[in-house]
Amino acid sequence: MLDLKFLRDSSDQVRKGIRDKGIDCDLDHFLGLDQERRASQRAFDELRGQQKNANTEMAGLPKGSEEFKAKITEMKTLSRQVKEKEESLRNLETDWKAAYLSIPNIPHATVPVAPDPSGNEVYSTWGDPEQVSAAAKPHYDLPGFSQIVDFHRGSKVTGGGFPFFVGEGAKLCRALIQFFLDEAGQRGYTEVLPPLFVNAASATATGQLPDKEGQMYHMTVDDLYAIPTAEVPVTNFYREEIFSADDLPRKVCAYSPCFRREAGSHGKDVRGLNRMHQFDKVELVKWVHPEKSYDELEELKESAEALLQKLELPYRVLLMCSGDLGFTQTKKYDLEVWSGGQKRWLEVSSCSNFEAFQARRAQTRFRNEEGKVEPVHTLNGSALALPRVISALIENNLRDDGTVVLPKVLQPYLGSDRIALGQ
RNA sequence: GGAGAGAUGCCAGAGUGGUCGAAUGGGCGUGAUUGGAAAUCACGUGUACGGGAAACCGUACCGAGGGUUCGAAUCCCUCUCUCUCCGCCA
């Protein structure tokens, strides 16, 4: 949610932001409801104030007195009015809240304005894609690949997009998870292992609800959602809490499986490890002082980049344009690894600043220098999502003998300098 | 899954229908005292929404939702969560 006063006083700026993101949202409908709500609350407060005054008065009167009885008769009318007014206020508040939740965050001034992904800017590039491309093939076409990532049995057991990682494949996952967590730990992130299901309040705070309901698996019997990313439970860790200024910044990392229904995404992107319903990821989340959040975004991006560098995988960083920003984000960098076999860039990380948007929904605040309570800024970034890192590792490092040479940093975790496909 | 107990402010913990946003203690903050500190004393110390230039004022909030009543932290109903014991299990 954006700040209420900001929405009222800078509505033109908000309208522009909504337009630049290409999101369909009726700000004026909300502003109209906001006025109605305020008027309704004033009226209710007034009536309720009368009732309270009368109440105090009555406490001083003898219980059975004529005066007391007369007062009761009088107050019955008022009581009815208060109830009616309260009901209409509650109804207005419900509509108002729904409209409020439908307003997206707006892009930061440094974000390029463009309607679609073609407007994303290549911010930087690391490594040499050409070098690894020569004879590489897509991982899903490699002999033996299906023995370390078994899609067929996954489909039998669960459904499409839920593969088994087997043998070396499973060990590679475990190694990457531990490597990512170790690196985050060294950067001062506290490790958590979060719940994999969250309630609706949590999903609302981070912005999955009501905006992206269809993307999550929903367990209707218990009204719980399978997390699409560890961002959801982790960001909600401090929901409804107030930090003191020197608690900030607070940094947490978490490994978790992520579950995505990905409704509506079909086509060439979906082969092999490129897009799945369940995948593993290590996520970084930060709660920071509002003045620092854009510096923190750079630090977050660099943390994720450092992982790809240590894994010796060529990548590029994109500064996402307004039209490619999500509902909740003000600014976002995507990291894309070079897939030597598929000859294309694959997103492995997304580092975003939400400013106070999530914090306001989650009511995560801090006491600022003047002692006033204000929302913190939250950020998060993948560091990293596993499957596409795995495909790049395999495709880029496959040797003629069918083995995949591992980057130095992973070797201690696997106890070997290479893994074999197949066998 | 069964039985019981409970949920109040930063924490502990009073309050069983009216003057309760809520005693008291602790913590924290400011000040007094001190050479400095401890101890002691005084004052202060929630959040949200609304009104106001501001000081400040109003209203809501005692797990959540509903009900009874002129009036609810307090009575009734439903739900959620926590704790204890039993069962079951990793």
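Everything numeric in this text was worked out from a predicted model, so none of it was measured.

Visitor: What should I look at first to understand the sheet that holds strand 10 (residues 278–288) in this one?
Guide: Where strands meet in a sheet, backbone hydrogen bonds hold them as pairs that are either parallel or antiparallel. Across the sheet, which stays open at both edges, the eight strands sit in the order 1-11-12-13-16-10-9-4 with mixed pairing between neighbours. The open sheet has two free edges, formed respectively by strand 1 (121–126) and strand 4 (190–192), since each of these has just one partner strand. For this sheet, the mean angle separating the axes of adjacent strands, direction not counted, is 25 degrees. Inspection of the sheet shows strand 4 paired to strand 9 (residues 250–259) by three bridges, in the parallel sense. Pairing of Glu191 across the sheet is with Cys253, part of strand 9. Contacts between helix 8 (residues 168–186) and the sheet are confined to strand 4, strand 9, strand 10 and strand 16 (377–385), with strand 10 contributing the most and set at about 5 degrees to the helix.

Visitor: Can you help me understand the sheet that holds strand 15 (residues 373–375) in this one?
Guide: As summarised here, the arrangement of the three strands in space is 8-14-15, forming an open sheet in which the pairing is mixed. Both outer strands of the open sheet, strand 8 (241–244) and strand 15, are each paired with one neighbouring strand and no more. On average, each strand axis in the sheet is tilted by 35 degrees relative to the strand beside it, whichever way the strands run. Bridge count between strand 8 and strand 14 (residues 364–367): four bridges; the pairing is parallel.

Visitor: What am I meant to see in the protein's contact with RNA strand B here?
Guide: Not every one of the 17 residues close to RNA strand B is listed here, only the nearest: Asp45, Gly49, Ala59, Met75 and Ser79. Put simply, the parts of the chain that give the surface near RNA strand B at least two residues each are helix 3 (27–59) and helix 4 (66–101). Tallying contributions element by element places helix 3 first for the surface near RNA strand B, with 11 residues. For the surface near RNA strand B, the per-class residue count stands at six nonpolar, five polar and six charged.

Visitor: In this structure, what is going on with the domain arrangement of chain A? I would like to understand it.
Guide: Many structure descriptions define interface size as the accessible area lost when the parts assemble. Partitioning chain A into structural domains gives domain 1 (4–101) and domain 2 (117–420). In this structure, domain 1 and domain 2 have C-alpha centres spaced 43 Å apart. The partner domain 2 presents five residues to the five residues of domain 1 that form the contact. Partitioning the side of domain 1 that touches domain 2 into residue classes produces two nonpolar, one polar and two charged.

Visitor: Would you explain the nonpolar core in this entry?
Guide: The tendency in soluble globular proteins is for nonpolar side chains to be buried as a group. Counting residues in each nonpolar core, the largest one holds 85 residues, and the members touching the most others are Phe180, Leu313, Val337, Ala383, Leu384, Val389 and Leu393. Apart from residues no more than four positions distant in its own chain, Val389 is found in contact with Leu176, Leu311, Val337, Val348 and Leu384.

Visitor: Explain the environment of Leu101 here, please?
Guide: Tracing the backbone shows Leu101 in helix 4. Accessibility expressed as a C-beta count within 10 Å gives 16 for Leu101, which makes it partly exposed. Counting along the chain gives 103 residues from Leu101 to Thr204, while the straight-line C-alpha distance between them is 8.6 Å.

Visitor: Would you explain the environment of Ala226 in this entry?
Guide: Topologically, Ala226 is positioned in strand 7 (residues 224–226). When the 19 C-beta atoms within 10 Å are taken as the criterion, Ala226 is described as partly exposed. For the pair formed by Ala226 and Leu181, sequence separation is 45 residues and the distance between their alpha carbons is 22 Å. Excluding residues that lie within four positions of it along the chain, Ala226 makes contacts with Leu196, Phe197, Met216, Tyr217 and Phe259.

Procedures and definitions
- Residues numbered from 1 in each chain as written.
- Chains lettered and ligands numbered in written order.
- Predicted model: local features only at pLDDT ≥ 70, side-chain atom pairs only at ≥ 80, totals over all residues.
- Pairing = 2+ DSSP bridges.
- Helix = DSSP H or I, 4+ residues; strand = E, 2+ residues; numbered from the N terminus.
- Axes fitted to C-alpha atoms, helices over the stretch in contact; angles between N-to-C directions.
- Contact = placed C-beta atoms within 7 Å.
- Near = placed C-beta within 6 Å.
- Nonpolar A, V, L, I, M, F, W, Y, C, P; charged D, E, K, R; others polar.
- Domains from an automatic or database assignment.
- Core = buried A, V, L, I, M, F, W, Y, C linked by C-beta atoms within 7 Å.
- Buried ≥ 20, exposed ≤ 12 C-beta atoms within 10 Å, placed from the backbone.

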